[in-house]
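Survey of secondary and tertiary structure
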Amino acid sequence: MINIACCLWDANKLSKQFSRHYTEADVCALYRGFKKHLNVPFRFICWSERDRDYAEPEIEQRRLRDERPSYGSLTQCYELNEPTIMDGLDTIIGGNLDHIAAYCLGAEKPAVPIDPFFPQTVCNGVTLVPGGNAWLWTEYEGQHDMDWIRDLWKAGRVVAFDKVFPNQIVSYKAEIKERGLSDDTRIVYFHGQLKPHELPHVGWISRHWDYRPEEARRVRDLEAEKSFAIHAGFPT
């Protein structure tokens, strides 16, 4: 058994503009991607700051500790101490994942991708977490979640998976936008700007992303968002 972990919270002043749109429909779309492409038995768990109504009844819910979540809140997904694939809601599954799940079920160290824009470090677009690594949560001191992962990589406690799964877990902007999917592609993460819902003209997205807008329950408060900060400084 493996866990698939993600988070959903209502946008707040700590949310960057490219991540304020998420709803229950995004969670359901991610669940269906794993259901289609993962044969290993799995639990799909979404952490949130409140109870949610998901159209997919197999989605389990856990409560975030933070009443006003931030990106650091994502670190709580490591609390189960069990084999886990952790994804953002801006993730599309494009092929069989059984061998990737096997890493989580049999390896020791958590693994993340080399940052495609800053290859001297890593990012956390997707995190593969073998069992026994709850320290990712219990030792977390409150910094930005990606800074935490980068510090752990420098310390040798987290490894990069790019050589283990070459061209399989990739960035949309850096690796897929210009050349499209390859036969090796399994997971595409859309970090930063440009999200799947903004790219309806891209054929492979409509084939692999089973997004159903009628499954959204959360309604964005666009008036409140006018008071939120405009964030910059990330790759476009």
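Below or above, wherever it landed, is the structure these notes cover. (Residues numbered from 1 in each chain as written. Predicted model: local features only at pLDDT ≥ 70, side-chain atom pairs only at ≥ 80, totals over all residues. Heavy atoms only, no water.)

Quick look at the nonpolar core
Definition in use: Here, nonpolar core means buried Ala, Val, Leu, Ile, Met, Phe, Trp, Tyr and Cys residues that are tied together by side-chain atoms lying within 4.5 Å of each other. Only protein chains enter the accessibility calculation, which uses a 1.4 Å probe. A residue is then buried if its area is under 20% of the maximum for its type, exposed if over 50%, and partly exposed in between. Secondary structure is summarised from DSSP: a helix means a run of H or I of at least four residues, a strand means a run of E of at least two, and numbering begins at the N terminus for each. What makes two residues a contact is simply this: any of their non-hydrogen atoms within 4.5 Å.
Within the largest apolar cluster, 34 residues are counted, with the highest numbers of intra-cluster contacts made by V27, F34, L38, F44, I85 and L128. Mapped by element, the contributors of at least two residues to this core are β1 (2–7), α1 (24–37), β2 (42–48), α2 (98–106), β7 (126–129) and β10 (187–189). With five residues, the top contributor of residues to this core is α1. Contacts of I85, omitting those with residues within four sequence positions, involve I2, N3, I4, A5, F34, I100, A101, C104, V126, T127 and L128.

Details of the sheet that holds strand β9 (residues 169–171)
Stated precisely, the cut-off is as follows: By definition, two strands form a pair when at least two bridges between them are found by DSSP. The convention used is that axes are lines fitted to C-alpha atoms, helices contributing only their stretch in contact, and that angles between N-to-C directions extend from 0 to 180 degrees.
Pairing is mixed across the open sheet formed by three strands, whose spatial order is β5-β10-β9. Unpaired on one side and paired on the other, β5 (91–93) and β9 mark the two borders of the sheet. Neighbour-to-neighbour, the strand axes of the sheet open up by a mean angle of 20 degrees, direction not taken into account. In the sheet, β9 pairs with β10 via three bridges, with the strands oriented parallel. In the sheet register, V170 faces β10, and the bridge partner there is V188.

Regarding the packing of aromatic side chains
We apply this condition: Note on aromatic contacts: the rings of Phe and Tyr and the six-membered ring of Trp form a pair at centre separations within 6.5 Å, being stacked when their planes are under 30 degrees apart, edge-to-face when over 60 apart, and tilted otherwise.
Counted by the stated rule, this structure contains eleven aromatic pairs. Between Y31 and F42 the ring centres are 6.2 Å apart and the planes differ by 55 degrees, which places this aromatic pair in the tilted class. Pair noted here: Y31 is in helix α1 and F42 is in strand β2, with a separation of eleven residues, a long-range link. Given the relative accessible area of 5%, Y31 is considered buried. Both rings, one in Y103 and one in F165, keep their centres 6.2 Å apart while their planes meet at 80 degrees; by these two values the pair is edge-to-face.

Side note on the layout of surface pockets
Short version of the rule: Here a cavity is any set of points on a 1 Å grid over the protein atoms alone where a 1.4 Å probe fits but cannot get out, and a pocket is any open set with protein on both sides within 12 Å along at least 5 of 7 lines; a residue lines the site when it has an atom within 4 Å of a point. Grid points are joined across faces, edges and corners, and a volume is the space filled by probe spheres set on the points. Residue classes follow a fixed rule: Ala, Val, Leu, Ile, Met, Phe, Trp, Tyr, Cys and Pro count as nonpolar, while Asp, Glu, Lys and Arg count as charged, and any other residue, Gly among them, counts as polar.
Estimates place the volume of the largest pocket at around 860 Å³. Taken together, 34 residues form the lining of the largest pocket, with F18, Y71, N124, H191 and G192 sitting closest to its centre. When residues of the lining of the largest pocket are traced back to their parent elements, those giving at least two are β4 (84–87) and α4 (145–154). Take the lining of the largest pocket: its biggest share by element is three residues, from α4. When grouped by side-chain class, the residues that make up the lining of the largest pocket number 16 nonpolar, ten polar and eight charged.

Some words on unusual backbone geometry
Unusually for a residue other than glycine, N167 sits at a positive phi of about 60 degrees. By secondary structure assignment, the location of N167 is in the loop between β8 (159–160) and β9. When its relative accessible area of 44% is taken as the criterion, N167 is described as partly exposed. You will see that L194, though not glycine, has its phi angle at about 70 degrees, which is positive. Assignment of secondary structure puts L194 in the loop between β10 and α6 (203–208).

A look at the state of the cysteines
Keep this limit in mind: Our working definition of a disulfide is a cysteine sulfur pair at a distance within 2.5 Å.
Within the structure shown, the criterion is met by zero disulfides. Of all cysteine sulfurs, the one in C46 lies closest to C6, which takes part in no disulfide; the gap is 3.7 Å. Take C6: its relative accessible area is 1%, and that puts it in the buried class. Between C28, a cysteine without a disulfide, and C46, which holds the nearest cysteine sulfur, the sulfur-to-sulfur distance is 9.3 Å. Residue class for C28 comes out buried when judged on its relative accessible area of 0%.

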